[in-house]
Amino acid sequence: MNRYFLSSALAALALATPAAVPAQPLPAPVIAVVNLDQIFGTCTQCTVANTQLQAQGAALQTRAQTLANQIDAEARAIQPLVNAIPAGGQPDAALTARIQGYQQMQQNADREVSAERERIQRNIAFVRQQIGQRIQPAITTVMQQRGATVVMDRAGLITASPTLDITPAVLAIVNQNNTPLNINAPPPQQQPAAATPAQPQPQPNRPRPQGR
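Please read all numbers here as calculations on a predicted model, not as lab measurements.

Asks: I'd like to hear about the state of the cysteines, residue by residue, with values.
Replies: The full count for this structure, using the stated rule, is one disulfide. Through a disulfide, C43 is tied to C46; the S-S separation comes to 1.7 Å. Negative torsions about the S-S bond denote left-handed disulfides, and the value of about 85 degrees found for C43 with C46 makes this one right-handed. Residue classification places C43 among the buried positions, given a relative accessible area of 3%. According to the relative accessible area criterion, C46 is buried, its value standing at 0%.

This is the structure we're talking about:
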């Protein structure tokens with residue numbers, strides 16, 4: 001009797017357990033290659049934006065040289081005054097103020113050049129982001145047209161047959177967008193200042209009860 005019940009239970013369990021579905025083999029990939037660096041450097045609006053970014057870099061270089069010349073001129077003007085101080089002496093108030101002004105000039109120049117360099121770097125990244133947003137749908141379109149299932153960047157390959165290259169087709173679609181690229185990145189978001197904890201209010205002194 002026990003064997004009968006055990007056999008029935010095993011049979012019911014086998015029926016209740018779903019049969020394992022055999023894994024379907026993946027289809028053979030159809031690979032295409034795109035040269036992203038070529039598109040970033042040669043698309044119509046990319047060329048315009050790159051020229052404008054180069055102008056920003058040239059302007060920064062000119063400004064940095066101007067500031068350096070001003071700092072150097074002030075240093076050459078101060079040095080004879082410093083040399084004229086007797087051994088063991090100290091600069092007078094006027095010379096001290098001028099030396100401090102020279103140091104402040106250096107600090108201001110460093111801050112200005114660093115801030116402008118960071119701004120240009122943000123602009124470059126912002127332009128590449130916009131170009132990438134135009135390249136992605138163009139690649140998708142060409143993939144559908146050519147029946148590709150995988151697209152790889154040429155920069156990550158050792159070698160590939162020229163017949164796999166879809167760069168001209170992608171570039172042609174990207175060039176259909178005549179909207180200029182914005183070369184001025186939005187300013188970085190400022191982190192909210194931490195809330196200052198409320199200071200406890202002093203409690204007024206209470207009169208002590210008189211002893212009995």
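The discussion continues.
Asks: Give a detailed account of helix α3 (residues 44-83), specifying residues and quantitative values.
Replies: Counted at 1.5 Å a residue, the expected span for α3 with its 40 residues is 58 Å, and the 59 Å between its end C-alpha atoms agrees. Of all the positions in α3, only Q45, C46, A49, L53, Q56, L60, L67, I71, E74 and I78 are classed as buried.

Asks: A description of the packing of aromatic side chains should follow, citing residues and the corresponding values.
Replies: Within this structure, the stated rule accounts for zero aromatic pairs. Over the aromatic face of F40 sits the side chain of R128, whose NZ or CZ is 4.0 Å from the ring centroid.

Asks: Account for the packing of helix α4 (residues 93-146) against helix α5 (residues 167-174), with residues named and values stated.
Replies: Two numbers describe how α4 lies on α5: the axes approach to 9 Å, and their chain directions differ by 130 degrees. With respect to α5, the element α4 is oriented oblique. As for the relative orientation of α4 and α5, their crossing is right-handed in sense. Of the residues in α5, those touching α4 at R134, I135, A138, I139, T141, V142 and R146 are A169, V170, I173 and V174.

Asks: Tell me about the nonpolar core, and please be specific about residues and values.
Replies: Core analysis: the biggest nonpolar cluster contains 21 residues, and I39, V127, I131, I135 and V170 have the highest contact counts within it. Elements with a contribution of two residues or more to this core: β1 (31-34), α2 (36-42), α3, α4 and α5. It is α4 that provides the largest number of residues to this core, a total of six residues. Ranked by size, the runner-up nonpolar core spans nine residues in total, among them L67, I78, A109 and V113.

Asks: Describe the packing of α3 against α4, naming the residues involved and giving the relevant values.
Replies: Two quantities define a packed helix pair, namely the angle between the axes and the distance from one axis to the other. Two numbers describe how α3 lies on α4: the axes approach to 10 Å, and their chain directions differ by 170 degrees. By the angle between their directions, the pair α3 and α4 is classed as roughly antiparallel. Here the contact of α3 with α4 is built from residues that sort into 22 nonpolar, six polar and eight charged.

Asks: Could you give an account of a nonpolar patch on the surface, naming the residues involved and the relevant values?
Replies: On the surface, I31, V150, M152 and L164 cluster together into a nonpolar patch covering about 260 Å² of accessible area. For I31, the position within the fold is in strand β1. A relative accessible area of 36% places I31 in the partly exposed class.

Criteria and cut-off values
Residues numbered from 1 in each chain as written. Predicted model: local features only at pLDDT ≥ 70, side-chain atom pairs only at ≥ 80, totals over all residues. Heavy atoms only, no water. Disulfide = S-S within 2.5 Å. Buried < 20%, exposed > 50% of the residue type's maximum accessible area, 1.4 Å probe, protein only. Helix = DSSP H or I, 4+ residues; strand = E, 2+ residues; numbered from the N terminus. Expected span 1.5 Å × (residues − 1). Phe/Tyr/Trp six-rings, centres within 6.5 Å; stacked < 30°, edge-to-face > 60°. Lys NZ or Arg CZ within 6 Å of the ring centre and 35° of its normal. Axes fitted to C-alpha atoms, helices over the stretch in contact; angles between N-to-C directions. Parallel < 35°, antiparallel > 145°, perpendicular 65-115°, else oblique. Left-handed = near helix turned anticlockwise from the far one by under 90°. Contact = heavy atoms within 4.5 Å. Core = buried A, V, L, I, M, F, W, Y, C linked by side-chain atoms within 4.5 Å. Nonpolar A, V, L, I, M, F, W, Y, C, P; charged D, E, K, R; others polar. Patch = residues over 30% accessible without salt bridge, like charges linked within 9 Å, V, L, I, M, F, W, Y side chains within 5 Å. Areas by Shrake-Rupley, 256 points an atom, 1.4 Å probe, with all protein chains shown as cover. Salt bridge = Lys/Arg side-chain N within 4 Å of Asp/Glu carboxyl O.

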